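# Examining the three-dimensional arrangement
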Amino acid sequence: MTIQRALPSDHIILTRITKLSKAYWGYSAEQMEQWETVLTITPEYIAENETFKLVSGDEATGYYSIIKSGAETLKLDNLFILPGFIGSGCGRILMEHLFAKAVSESYTSIILEADPNAESFYSKFGFSGIGQVATSTPGRILPVMKKLL
């Protein structure tokens, strides 16, 4: 497996990975439809935000994207894995790449807003809760997590 910088032309496959990964957690068709815009990765998004894809053979199996959130903090904006690869170590590979990149660029922390289903995954990598944020879905709260590097 290799990690490659995603190109704007990868937007279709990254959107597919995002939607399939999100649906893996059993969200309803109605909820997935409500999130259509949020789950769509555009060429412009990839051009404006550092995005890295994990490739196995000729297939992208996952990706992550980051946003610079100040001089010392990165925000992990997306991290999604194809359902067939969840639990196979792909997430670990992406996280290790993210940590190495952050340290090499002198960042001291990474923040994220976790899907509640992924909170334990991020905890395994040293992230801890620092708050919560309400979403556009009534009653839905996301944990905000942070890792010091």
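Our subject is the structure listed above.
A brief report on the enclosed structure follows. (Residues numbered from 1 in each chain as written. Predicted model: local features only at pLDDT ≥ 70, side-chain atom pairs only at ≥ 80, totals over all residues. Heavy atoms only, no water.)

## Side note on the layout of surface pockets
For the largest pocket, the calculated volume is near 1100 Å³. Broken down by secondary-structure element, the contributors of at least two residues to the lining of the largest pocket are α1 (11–23), β4 (73–81), α4 (90–104), β5 (109–113) and α5 (119–124). Among the elements that line the lining of the largest pocket, the one with the most residues is β4, at seven residues. Partitioning the lining of the largest pocket into residue classes produces 20 nonpolar, 14 polar and eight charged. (1 Å grid on protein atoms, 1.4 Å probe; cavity = no way out; pocket = protein on both sides within 12 Å on 5 of 7 lines; lining within 4 Å. Points joined across faces, edges and corners; volume = space filled by probe spheres on them. Helix = DSSP H or I, 4+ residues; strand = E, 2+ residues; numbered from the N terminus. Nonpolar A, V, L, I, M, F, W, Y, C, P; charged D, E, K, R; others polar.)

## What to know about the sheet that holds strand β3 (residues 59–68)
Strand order in the open sheet formed by seven strands is β1-β2-β3-β4-β5-β7-β6, with mixed pairing between adjacent strands. Among the strands making up the open sheet, the edge pair consists of β1 (2–5) and β6 (128–134). Looking at each pair of strands side by side, their axes are set apart by 30° on average, direction ignored. Sheet analysis places β3 next to β4, joined by seven bridges and oriented antiparallel. Bridged to Ser 65 within β4 is Asn 78. Its contacts with the sheet put α1 on β2 (50–56), β3 and β4, and the angle it makes with β3 is roughly 95°. (Pairing = 2+ DSSP bridges. Axes fitted to C-alpha atoms, helices over the stretch in contact; angles between N-to-C directions. Contact = heavy atoms within 4.5 Å.)

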